[in-house]
Amino acid sequence: MQNTTQTQLEFPMVMGQPYETLPEDLFIPPNALELCLETFSGPMDLLLYLIKKENINILELDVSNITDQYIEYIDLMDALQFELAAEYLVMAATLAEIKSRMMLPRDKHDEEEEDPKSALIKRLQEYQRYKSASEKMALMPRVDRDFYTATAALPEIKIEKKEISITKEELASIFNEIKSRPDLKLSHQIDFEELSTQERIQIILDILSRRNVISFSKTLRKSEGRHGVVVTFLASLELAKDGHVELIQNKTEEMFLKSLRGA
Amino acid sequence: MDIKIVNTVEALLFGAGRPLRLSEIRGLLESDGLIAELSDIKKCINELEQRFNSSSLEITEVASGFRLQIKQTYSAPITHLWNERTPRISKALMETISIISYKQPVTRGDIEDIRGVSVSTQSIRSLLERNWIKVTGFKDAPGRPALYSTTKEFLDDLNLKSISELPELPEVDEGSNDQVLSEVI
Amino acid sequence: MDIKIVNTVEALLFGAGRPLRLSEIRGLLESDGLIAELSDIKKCINELEQRFNSSSLEITEVASGFRLQIKQTYSAPITHLWNERTPRISKALMETISIISYKQPVTRGDIEDIRGVSVSTQSIRSLLERNWIKVTGFKDAPGRPALYSTTKEFLDDLNLKSISELPELPEVDEGSNDQVLSEVI
């Protein structure tokens, strides 16, 4: 009984139901795309899955075969307009490079530089160590899941209130801030509007013509979701590259855009 | 009474973090395959009362059920414990209290949904202890999660006569961010 | 041991809502006019362990001190009470926290190098808020990225006393160690 709770909690939820198994093969029905995203924690994880499926040792990695499978997989996701993390594409490029190298006759000089295939194998091995450590860690007894602490209600006690003061304005602004956080967990919108980076650059410049500094979160709309964040971020980078703005990050991880025009 | 049932009742009272009704306890036992009448559970509670007799705890019955409570005799050192705590109000605590203020009554799950990250037992407890929030009911959902609302004391501390004096929020969810953008679009 | 001291220690453990160190307990007893050596407090804890022997409770020592816990045998029915807030931790988050555990202190970039994928602000924030990690410094590199380490609370939540109690990090590819890389390349 303990165990079922445990596994249920660890597996991704799709439409409220836990998925407990990995997809059977490469071809995943469109409605399970969300599952893929959660099933694989990244391209390394996907690659390890493909290797395991072939039942081979990492060291005997047949790059040519794996590359085809991997790219097939990526194409499928692409065809379904699945917003792929750039890292998946980088991995596809790496695999393709290794594959093409293998087809070329080997040159003695090449052995001097690091072989991309052995570099990839090393990375995969390193990743696998932490992946299996994390699987073990996920099964370790955890508070509020496998065991609970015991507490009793306090007797009547007097709490001195030397400390906290908070104003109603602070309450309102904190609440507003929470509500306007873009939902980064929102997976993908089916019919999103085209957002142009060029246009966004213009908008940011307009804002900065009136004020010197603006926080990153204020240059985007909540409703634009992840896509809006990406477009605005690209726009900020462009502006920084061209020397229009300086990007500043404070401790809370919020980024600010500071105009360099007036400086 | 069967020691296993007595101990399970005890575990429930220590683990619930809120008072439990006899009928709730019966349901929870049942889900664990233990069958007991309400009168049996009452007997368990009596047995536990015996068990705690010479300890620092007692079982009290309050409006929403039975709970384990620390005897009043031991209040002094506990007062020190709770007053010693560093008086820093964390960002997480601020967010939690602002959500409760505007959305009350809410469950812990509701707060987590809005914040997008989990809310620690410690923050809820700390707000309860300083009497800024109280349990005003239970949601009719699995586990009967507690519904939290702000207290009169919270209003006093903020110098408000009623919760309606809190600043109004923009109608639509899209908060102040859009206003900046709309200026230029 | 004096029953009053034993019971006060018990009351503190039940009322703290977090683990307590022997030295903290000593200070709290003292503020209440009770003088006890650390060794006496340890004796109290042993006595309480005896007291709980046939009950549903146990005292455990974790990274930040001693705390009262419900024996795992009696935990199942409590799960039903709490199922509203499922403390689900995604695979990605689990990978991130295990990299931090074994390689600390690390920057976000270090984690990304191993995982081969970018680590979201959301997941770092969620670990920070859970108090599982904290910033322990800044790396002397462009952008002075924050260095993250695990906290005592993380160990507490996994019922551990120290980070060395984590299972050892698996060696590279347990399967066929003797195979030389060059053979296959």
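Details of the structure are given in the entry above.
Structure report, in brief. The residue numbering used here restarts from 1 in each chain and proceeds along that chain's sequence as written. Chain letters start at A and ligand numbers start at 1, both assigned in the order the entries are written. At least 70 in pLDDT is required for a residue's local features to be given in this predicted model, at least 80 for side-chain atom pairs to be given and counted, and no such filter applies to totals for whole chains, interfaces and linings, which use all residues. Hydrogens and water are ignored here; the side-chain numbers use all heavy atoms of the structure.

### As for the environment of Ile133 of chain B
Residue and element names in this part refer to chain B.
Step number 1: Within the element layout of this structure, Ile133 appears in strand 3 (residues 133-138).
Step number 2: Burial classes follow relative accessibility: with a 1.4 Å probe on protein chains only, a residue under 20% of its type's maximum area counts as buried, one over 50% as exposed, and anything between as partly exposed. Since its relative accessible area comes to 1%, Ile133 is described here as buried.
Step number 3: Spatially, the C-alpha atoms of Ile133 and Val9 are 28 Å apart, while their sequence positions differ by 124 residues.
Step number 4: Only heavy atoms matter for contacts: two residues are in contact if any of them lie within 4.5 Å across the pair. Not counting the four nearest positions on each side in its chain, Ile133 is found in contact with Ile97, Ile100, Ile124, Leu127, Leu128, Tyr148, Ser149, Thr150 and Thr151. Comment: elements are numbered from the N terminus, with helices defined as DSSP H or I runs of at least four residues and strands as E runs of at least two.

### Quick notes on the packing of aromatic side chains
Step number 1: Ring pairs are drawn from Phe, Tyr and Trp, using the six-membered ring of Trp, whenever the two centres fall within 6.5 Å, and their geometry is named by plane angle: stacked under 30 degrees, edge-to-face over 60, tilted for the rest. Per the counting criterion, the structure on display carries 8 aromatic pairs over all chains.
Step number 2: Note on Phe216 of chain A and Phe233 of chain A: the rings are 6.2 Å apart at their centroids and 85° apart in plane angle, and the pair reads as edge-to-face. Of this pair, Phe216 of chain A sits in the loop between strand 3 (213-215) and helix 9 (225-241) while Phe233 of chain A sits in helix 9, and the two are 17 residues apart along the sequence.
Step number 3: Residue Phe233 of chain A is classed as partly exposed on the basis of its relative accessible area, which comes to 38%.
Step number 4: Between the aromatic rings of Phe14 of chain B and Phe14 of chain C, the centroid separation amounts to 4.9 Å while the plane-to-plane angle is 10°, which identifies the pairing as stacked. With Phe14 of chain B in helix 1 (residues 3-16) and Phe14 of chain C in helix 1 (residues 3-16), the pair connects residues from two separate chains. Here Phe14 of chain B matches Phe14 of chain C in class, with each residue buried.

### Re the interface of chain C and chain A
Step number 1: With 60 residues of chain C at the contact, the number on the chain A side is 57 residues.
Step number 2: Buried area between chain C and chain A, summed over both chains or domains, comes out near 5,200 Å², and the portion from carbon and sulfur atoms is 60%.
Step number 3: For this document, the term salt bridge refers to a Lys or Arg side-chain nitrogen within 4 Å of an Asp or Glu carboxyl oxygen. Inspection of the chain C/chain A interface yields 1 salt bridge.
Step number 4: Across the pair Lys91 of chain C and Asp45 of chain A runs a salt bridge whose closest N-O atoms are separated by 3.0 Å.
Step number 5: Within 3.5 Å is the distance limit for a polar contact, defined as a pair of N or O atoms, with the added protein rule that one can donate a hydrogen and the other accept it, and that residues adjacent in sequence qualify only through two side-chain atoms. In this structure, the connection of chain C to chain A is made through 11 residue pairs in polar contact (both at pLDDT 80 or more). Summed over both partners, the accessible surface that disappears when two parts come together, traced with a 1.4 Å probe, is what is meant by buried area.

### Description of the interface of chain A and chain B
Step number 1: Counting residues at the interface gives 46 residues for chain A, matched by 55 residues for chain B.
Step number 2: Interface area, chain A with chain B, both sides summed: about 4,700 Å², of which 61% is carbon and sulfur.
Step number 3: Linking chain A with chain B are 5 residue pairs in polar contact (both at pLDDT 80 or more).
Step number 4: Counting residues per element, the ones that place at least two in the side of chain A that touches chain B are helix 7 (168-179) and helix 8 (197-208) of chain A.
Step number 5: Each residue gets one label: Ala, Val, Leu, Ile, Met, Phe, Trp, Tyr, Cys and Pro are nonpolar, Asp, Glu, Lys and Arg are charged, and the others, such as Gly, are polar. Classifying every residue of the side of chain A that touches chain B gives 18 nonpolar, 8 polar and 20 charged.

### A word on the environment of Leu22 of chain B
Step number 1: Its location among the elements puts Leu22 of chain B in helix 2 (residues 22-31).
Step number 2: Sequence-wise, Leu22 of chain B and Asn7 of chain B are 15 residues apart; in three dimensions their C-alpha atoms are separated by 15 Å.

### What to know about the side chain of Thr67 of chain A
Step number 1: For Thr67 of chain A, the position within the fold is in helix 4 (residues 63-79).
Step number 2: Not counting chain neighbours up to four residues away, the residues in contact with Thr67 of chain A comprise Leu95, Ala96 and Lys99 of chain A.

### As for the packing of helix 2 (residues 22-31) of chain C against helix 3 (residues 38-52) of chain C
Residue and element names in this part refer to chain C.
Step number 1: Fitted lines through C-alpha atoms give the axes, limited to the stretch in contact for helices. The angle between two N-to-C directions lies from 0 to 180 degrees. Look at helix 2 against helix 3: their axes get within 9 Å of each other, and the N-to-C directions meet at 100°. Regarding the angle of helix 2 to helix 3, the classification is roughly perpendicular. Along the contact surface, helix 2 presents Leu22, Ser23, Ile25, Arg26 and Leu29, while helix 3 presents Leu38, Ile41, Lys42 and Ile45.
Step number 2: Taken together, the residues that form the contact of helix 2 with helix 3 break down as 6 nonpolar, 1 polar and 2 charged. Here is the rule for angles: anything less than 35 degrees is roughly parallel, anything more than 145 is roughly antiparallel, 65 through 115 is roughly perpendicular, and the remaining ranges are oblique.

### Observations regarding unusual backbone geometry
All names here are of chain B.
Step number 1: Geometrically, the link from Gln104 to Pro105 is a cis peptide bond, its omega value of -5° lying close to zero.
Step number 2: In this fold, Pro105 is placed in the loop between helix 5 (91-103) and helix 6 (108-115).
Step number 3: A positive phi is found at Asn131, a non-glycine position, where the angle reads about 60°.
Step number 4: For Asn159, which is not a glycine, the phi torsion comes out positive at approximately 65°.

### Here we look at the pattern of salt bridges
Residue and element names in this part refer to chain A.
Step number 1: For the structure on display, the rule yields 19 salt bridges over all chains.
Step number 2: Residue Asp146 pairs with Arg145 through a salt bridge whose shortest N-O separation is 2.9 Å.
Step number 3: Taking relative accessible area as the criterion, Asp146 reaches 2% and is therefore assigned buried.
Step number 4: The exposure class of Arg145 is buried, given its relative accessible area of 3%.

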